[in-house]
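Each chain is listed here by its residues.
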Amino acid sequence: FMNQKKKLVVINNEKIFFQNDSFYCENLDIKTTAEGLDKDFDVFMIARQAKEKKFNQINLRKINSASNIWGFIISLLKTFKDKNVKYFLISITPYTFFAFLLLSIFRKKIFVYLRSSGHEEYKVILGFLGPAIYHFMYFLVTLNSTIIVCHKKLAKKKASYLVFPSQVDNRWLVNHKEPNLDKPRLLYIGRVKIEKGIFSLLKIFQSLDNYMELSIAGYTNNPEKINKKVNYMGYVSDINNLINIYDKHNIFILPSYTEAHPQVLYESLARLRPVIIFDEIRHVIKDQEGVFVSERNEQALLNTIKFIMKDYKNIQNLIRKNKLPTKQNFINQLIDILH
């Protein structure tokens, strides 16, 4: 007899779009994490409902997307029929916090995966009250659950598990293309949101656009806010297209104000492309070669770009020595913890 898979309920704040019997999400990390866990567990995902189209199809059989908090809670209560279910919450948000309160009341086994610093994100989004609101939720959640983090600074608890999320598989590590070094060709991949620092980068770019090119691949509600001189490519979901985009640029730039373990950094290094970050997130470098820190102003960024372009081949040779986290290693780490 085959062992029956243990049941795992994945709860997250992601908005999921339903069309033609298929579910789609914006965040690739949510998709690949849930699919990876489904190979070892019987995964049921609870998320929010999206009205606008998303592009990453989630290959799971059991998904419930709720249009409001009550639908979210009802979906969760239905899982209580089975006593041996484990619950995996991704990030602390109002929705996942309410789920946590309910799970705590019924004494369920809860794992919480923190991917970024909510204190910092809430400050950028809500101002000075943001960190206090987040800290209240964070304090209660971390009191009564097993904490999994992708950076040590995300957990106060000593007994938290450290994981290294990644989308890097073999496709990223082969068939490297020579970069075109005729001029700096900068690339940003990610959400076009204020906390991602992209608007501060666009402001700097306005005064440097004669010296360099900038391309953006990511979702935005307001494409008109993006400078006409920027090459805006929209959201790119196909991995081979994404690899091709990295290869056509020579520097990746990550202007975020807050990050814990940015996976785009590892994707860029996997394609042997140097990365520029700003001071606020210098902790993400860890022991990786090929990541450069700049102050968030025109002159500092220009100096950093010139330094990279001048020493490009040597920098690539250093990048080749990196030991990058992979998607499979990450999933294996999670499976070991959740068992």
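Residues numbered from 1 in each chain as written. Predicted model: local features only at pLDDT ≥ 70, side-chain atom pairs only at ≥ 80, totals over all residues. Heavy atoms only, no water.

Draft legend 1. The arrangement of a nonpolar patch on the surface in detail. Taken together, the side chains of I125, L126, F128, L129 and I133 present a nonpolar region at the surface, about 550 Å² in accessible area. By secondary structure assignment, the location of I133 is in helix α5 (residues 130–143). (Patch = residues over 30% accessible without salt bridge, like charges linked within 9 Å, V, L, I, M, F, W, Y side chains within 5 Å. Areas by Shrake-Rupley, 256 points an atom, 1.4 Å probe, with all protein chains shown as cover. Salt bridge = Lys/Arg side-chain N within 4 Å of Asp/Glu carboxyl O. Helix = DSSP H or I, 4+ residues; strand = E, 2+ residues; numbered from the N terminus.)

Draft legend 2. Region of interest: the packing of aromatic side chains. Inspection of every chain in the model, using the stated rule, returns 14 aromatic pairs. Between F80 and F106 the ring centres are 4.9 Å apart and the planes differ by 55°, which places this aromatic pair in the tilted class. With F80 in the loop between α2 (69–78) and β6 (85–90) and F106 in the loop between α3 (94–105) and β7 (109–114), this pair connects stretches of sequence that are 26 residues apart. Here F80 falls in the buried class, since its relative accessible area comes to 10%. We note R48 situated over the ring of Y95; from NZ or CZ to the ring centre the distance is 4.4 Å. Across the ring face of Y257, the terminal group of R296 is positioned such that the distance to the ring centre comes to 4.0 Å. (Phe/Tyr/Trp six-rings, centres within 6.5 Å; stacked < 30°, edge-to-face > 60°. Buried < 20%, exposed > 50% of the residue type's maximum accessible area, 1.4 Å probe, protein only. Lys NZ or Arg CZ within 6 Å of the ring centre and 35° of its normal.)

Draft legend 3. Summary view of helix α7 (residues 239–247). Of all the positions in α7, only I239, L242, I243, I245, Y246 and D247 are classed as buried. Residues of α7 that are buried sit in contact with α1 (28–38), β10 (185–189), β13 (251–254) and α8 (263–270). (Contact = heavy atoms within 4.5 Å.)

Draft legend 4. Region of interest: helix α4 (residues 118–126). For α4, the complete set of buried residues consists of G118, E121 and Y122. The buried residues of α4 occupy an angular sector of 95° when the element is viewed end-on, so they sit on one face. Structurally, α4 contributes buried residues whose contacts are with α3 and α5. The positive-phi residue at the C-terminal boundary of α4 is G127, with phi of around 85°. (Arc of directions from axis to C-beta.)

Draft legend 5. Representation of the nonpolar core in the model. If you look at the biggest cluster of nonpolar residues, it comprises 54 residues, and the most contacted ones within it are I253 and L301. When residues of this core are assigned to their parent elements, the largest contribution, 6 residues, is made by helix α6 (residues 198–208). Setting aside anything within four residues of it in sequence, one finds I253 in contact with L186, L187, Y188, L201, L214, I276, F278 and L301. Counting 33 residues, the second-largest nonpolar core is a separate cluster that includes F44, V112, Y134 and C150. (Core = buried A, V, L, I, M, F, W, Y, C linked by side-chain atoms within 4.5 Å.)

Draft legend 6. Representation of the side chain of R48 in the model. Along the polypeptide, R48 turns up in strand β3 (residues 41–49). Look at R48: it is buried, it has no salt bridge, and the nearest opposite charge is E14 at 8.8 Å. Within polar-contact distance, the side chain of R48 engages the side chain of N13 at 3.3 Å. Filtering out sequence-adjacent residues up to four positions away, R48 remains in contact with N12, N13, E14, K15, I16, S65, A66, F72 and Y95. (Lys, Arg positive; Asp, Glu negative; His and termini not counted. Polar contact = N/O pair within 3.5 Å; in protein donor to acceptor, adjacent residues only side chain to side chain.)

Draft legend 7. Structural context of the pattern of salt bridges. Counting across every chain of the model gives 17 salt bridges. For R115, the salt bridge identified is with D29, shortest N-O distance 3.2 Å. One end of the pair, R115, is in the loop between β7 and α4; the other, D29, is in helix α1, and 86 residues separate them in sequence. Residue class for R115 comes out partly exposed when judged on its relative accessible area of 21%. Of the charged contacts in the structure, one is a salt bridge between E52 and K54, with a shortest N-O distance of 3.3 Å. Taking the relative accessible area as the measure of exposure, K54 reaches 5% and is therefore buried.

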